[in-house]
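Examining the three-dimensional arrangement
Next come the chains, spelled out residue by residue.
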Amino acid sequence: MARTQGSHAGITGPKIRAEALRLFAESGYAAVSMREIARAVGVQAGALYNYTPDKQALLFSLLKGHMDDLAEALSALPRAADPMERLQTFVHFHIAFHLERPQAVFIAYMELRNLTPENFAVIEAQRRDYETGLEEILRAGMATGAFSVPDSKLATLAIIAMLTGVTTWYRPGGRLPLEAVQDRYWELTRQMVSA
């Protein structure tokens, strides 16, 4: 398959991912065709198959890439001994990471239903690992008496949902700067779990 003049593998592959992410977030996975992605990238439709076997593989790649980046960034954070400090770091990290990737966050939640069972199982396992990291922080705080959480799993899911929800309303240049949002959400989280 011939590439559009001026396209290059090192540029075209990432551009395909970026345009697919944008189109899936704007229109939904089911409504976007490979032909539409090709048009947005500026290549012939057949050229997409040099980069991905099909649309399902492209969606899976986007979701897995998002989760891989999340896990890698989290693992690079300093790990404090104090559970309260670890929780504060998690809150600030989660908000900042997700606000930089609103389209990826949107499809990570809205397009899970369009994954094949096999691909869904992979992403679900990655999400469970991330949730387990937060739950371990809560359990460590419960063990020291710093946190009072009747159900650590439910508290984990509630905290993640609350923090991720920032991506639906926050806009740079709005009433509160990012740091103020992080601090206020940290206060809300601390109040939720404090003994």
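One can find the structure itself at the top, above this paragraph.
Residues numbered from 1 in each chain as written. Predicted model: local features only at pLDDT ≥ 70, side-chain atom pairs only at ≥ 80, totals over all residues. Heavy atoms only, no water.

1. Brief notes about the overall build of the protein
In terms of regular secondary structure, the protein is built from 8 helices and 0 strands. In the protein, the succession of helices and strands from N to C terminus is α-α-α-α-α-α-α-α. Dimensions of the protein, computed from C-alpha atoms along their principal axes, come out at roughly 65 × 40 × 30 Å. A buried classification covers 43% of the 195 residues belonging to the protein. Long-range contacts, defined here as pairs at least 24 residues apart, represent 71% of the contacts in the protein between residues at least 6 apart. When the accessible area of the protein is evaluated, it comes to approximately 10,300 Å², of which 56% is carbon and sulfur surface. Computed over 20 positive and 21 negative side-chain charges, the separation of the two mean positions in the protein equals 6 Å. (Helix = DSSP H or I, 4+ residues; strand = E, 2+ residues; numbered from the N terminus. Buried < 20%, exposed > 50% of the residue type's maximum accessible area, 1.4 Å probe, protein only. Contact = heavy atoms within 4.5 Å. Areas by Shrake-Rupley, 256 points an atom, 1.4 Å probe, with all protein chains shown as cover. Lys, Arg positive; Asp, Glu negative; His and termini not counted. Charge placed at Lys NZ, Arg CZ, Asp CG, Glu CD.)

2. With respect to helix H7 (residues 152-164)
An ideal rise of 1.5 Å per residue puts 18 Å on 13 residues; H7 measures up with 18 Å between its terminal C-alpha atoms. Of the residues making up H7, those classed as buried are Ser-152, Ala-155, Thr-156, Ile-159, Ile-160, Leu-163 and Thr-164. An end-on view of H7 places all buried positions within 155° of arc, on one side of the element. Those residues of H7 that are exposed and angled more than 90 degrees off the buried face are Leu-154 and Ala-161. (Expected span 1.5 Å × (residues − 1). Arc of directions from axis to C-beta.)

3. Considerations on the pattern of salt bridges
All chains considered together, the criterion is met by 7 salt bridges. Between Lys-64 and Asp-68 there is a salt bridge, with the nearest N and O atoms lying 3.1 Å from each other. Residue Lys-64 and its partner Asp-68 are both found in helix H3 (residues 55-75); the two are separated by 4 residues, about one turn of the helix. The partly exposed category is assigned to Asp-68, whose relative accessible area is 32%. Note that Arg-101 and Glu-100 form a salt bridge whose closest N and O atoms lie 3.2 Å from each other. Taking the relative accessible area as the measure of exposure, Arg-101 reaches 25% and is therefore partly exposed. A relative accessible area of 59% means that Glu-100 is categorised as exposed. Each of Glu-19, Arg-22 and Glu-26 takes part in a single network of salt bridges with overlapping partners. (Salt bridge = Lys/Arg side-chain N within 4 Å of Asp/Glu carboxyl O.)

4. With respect to the side chain of Glu-135
Position of Glu-135 among the secondary structure elements: in helix H6 (residues 117-144). Within the local environment of Glu-135, its side chain forms a polar contact with the backbone nitrogen of Lys-153, the two atoms lying 3.3 Å apart. (Polar contact = N/O pair within 3.5 Å; in protein donor to acceptor, adjacent residues only side chain to side chain.)

5. Observations regarding the nonpolar core
Grouped burial of nonpolar side chains is what soluble globular proteins tend to show. If you look at the biggest cluster of nonpolar residues, it comprises 54 residues, and the most contacted ones within it are Phe-24, Ile-37, Leu-63, Leu-87, Ile-107 and Leu-138. Every element with two or more residues in this core is listed here: helix H1 (9-27), helix H2 (34-41), H3, helix H4 (83-99), helix H5 (102-110), H6, H7 and helix H8 (178-193). Those residues within four positions of Ile-37 in sequence are excluded, and the remaining contacts are Ile-16, Ala-20, Leu-23, Phe-24, Val-32, Leu-48 and Leu-58. (Core = buried A, V, L, I, M, F, W, Y, C linked by side-chain atoms within 4.5 Å.)

Worth remembering: the numbers are spatial, not functional.
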